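# Survey of secondary and tertiary structure
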Amino acid sequence: MSLVCAAVISPRNAPVHVQTFGELVGDDDESADHAVQRTLHCSLDAVEDLLGRIDRSSIASASGGSGAAVATTGRGPKDPYLGPVFQTEDHRVHAWVTNTRARLLLVYEDGFGAEPNSETVRAAFKAVQDAYADAVSDPFATKEGKIESTRFTRRVAALATGTHR
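Here's a quick rundown of the structure. This is a predicted model, so every value here is computed, not measured. (Residues numbered from 1 in each chain as written. Predicted model: local features only at pLDDT ≥ 70, side-chain atom pairs only at ≥ 80, totals over all residues. Heavy atoms only, no water.)

## Concerning the nonpolar core
To be explicit about the condition: We call a set of buried residues a nonpolar core when its members are Ala, Val, Leu, Ile, Met, Phe, Trp, Tyr or Cys and they connect through side-chain atoms within 4.5 Å of each other. Only protein chains enter the accessibility calculation, which uses a 1.4 Å probe; a residue is then buried when its area is under 20% of its type maximum, exposed when over 50%, and partly exposed in between. A helix here means a DSSP run of H or I that spans at least four residues, while a strand means a run of E at least two residues long, and both kinds are numbered starting from the N terminus. Whether two residues are in contact is decided by their heavy atoms: any pair within 4.5 Å suffices.
Counting 23 residues, the largest nonpolar core has Val-8, Leu-106, Phe-125, Phe-152 and Leu-159 as its most contacted members. For this core, the secondary-structure elements that each account for two or more residues are strand E1 (3-9), strand E5 (103-109), helix H3 (118-136) and helix H4 (150-161). Counting residues per element, this core draws most heavily on H3, which supplies eight residues. Every residue in contact with Phe-125, bar those within four places of it in the chain, is listed here: Tyr-81, His-94, Ala-95, Trp-96, Leu-104, Leu-105 and Leu-106. Ranked by size, the runner-up nonpolar core spans 18 residues in total, among them Ala-7, Val-47, Val-85 and Ala-95.

Written as structure tokens, this is what we have:
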């Protein structure tokens, strides 16, 4: 399974950074790119649904409820890794939510290769979050704007080649 796309989505659902890697599967480049974009949009719906269930279960457990949604997702409300949130016949999307509610999405090709394990995906997300924090901490970066840092782009591209630390 190889990484085909990394995306950073702002808390207001605006794409801050979308970067694709390698050859995308499709009839032509444009249709493959659109397929990945559709997959990202559908993934955001799944992330919002999951976050809503986690938030509601946190409120319910704080008020004496059962916290069933957290139990069914297998994650606590403070774990930023949401796991695989959406899958198509060609791609599987994993999600991570920062403490500022920015969503990080990694799209893996869902082929015959082995699926990346949870620790590998978590390490990739930590690398993206570190790069994201550095990029938005830049005093010249625009708030809620696109990330135009070449250093950020290089750090994210290193995930696809496996050269990130």
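## Thoughts on the layout of surface pockets
As a reminder, the rule being used: Here a cavity denotes grid points, spaced 1 Å and computed from the protein atoms alone, that fit a 1.4 Å probe unable to get out, and a pocket denotes an open set having protein on both sides within 12 Å along at least 5 of 7 lines; residues with an atom within 4 Å of a point are the lining. Grid points are joined across faces, edges and corners, and a volume is the space filled by probe spheres set on the points. For this classification, the nonpolar set comprises Ala, Val, Leu, Ile, Met, Phe, Trp, Tyr, Cys and Pro, the charged set comprises Asp, Glu, Lys and Arg, and every other residue, Gly included, is treated as polar.
Of the voids in this model, the largest pocket is the one considered here, and its volume is about 450 Å³. Taken together, 23 residues make up the lining of the largest pocket; nearest its centre are Ala-135, Val-136, Ala-141, Thr-142 and Ile-147. If you list the elements that add at least two residues to the lining of the largest pocket, you get H3 and H4. The greatest single-element share of the lining of the largest pocket, amounting to five residues, is contributed by H3. Residue composition of the lining of the largest pocket, by class: 10 nonpolar, five polar and eight charged.

## Description of the pattern of salt bridges
Inclusion rule: When a carboxyl oxygen of Asp or Glu is within 4 Å of a side-chain nitrogen of Lys or Arg, the pair counts as a salt bridge.
Enumeration according to the criterion identifies four salt bridges in this entry. Across the salt bridge formed by Arg-103 and Glu-48, the nearest N and O atoms sit 2.1 Å from each other. One end of the pair, Arg-103, is in strand E5; the other, Glu-48, is in helix H1 (residues 29-62), and 55 residues separate them in sequence. Asp-134 is the partner of Arg-155 in a salt bridge, and the nearest nitrogen-oxygen pair spans 2.6 Å.

## Section: empty space enclosed by the protein
Tallied over the full model, the rule gives one cavity of 30 Å³ or more. Here the largest cavity is characterised by a volume of approximately 40 Å³. Ala-6, Ala-7, Val-8, His-17, Leu-104, Leu-105, Leu-106, Phe-125, Val-128 and Val-156 together form the lining of the largest cavity. Elements with a contribution of two residues or more to the lining of the largest cavity: E1, E5 and H3. Along the lines of polarity and charge, the residues of the lining of the largest cavity split into nine nonpolar, one polar and no charged.

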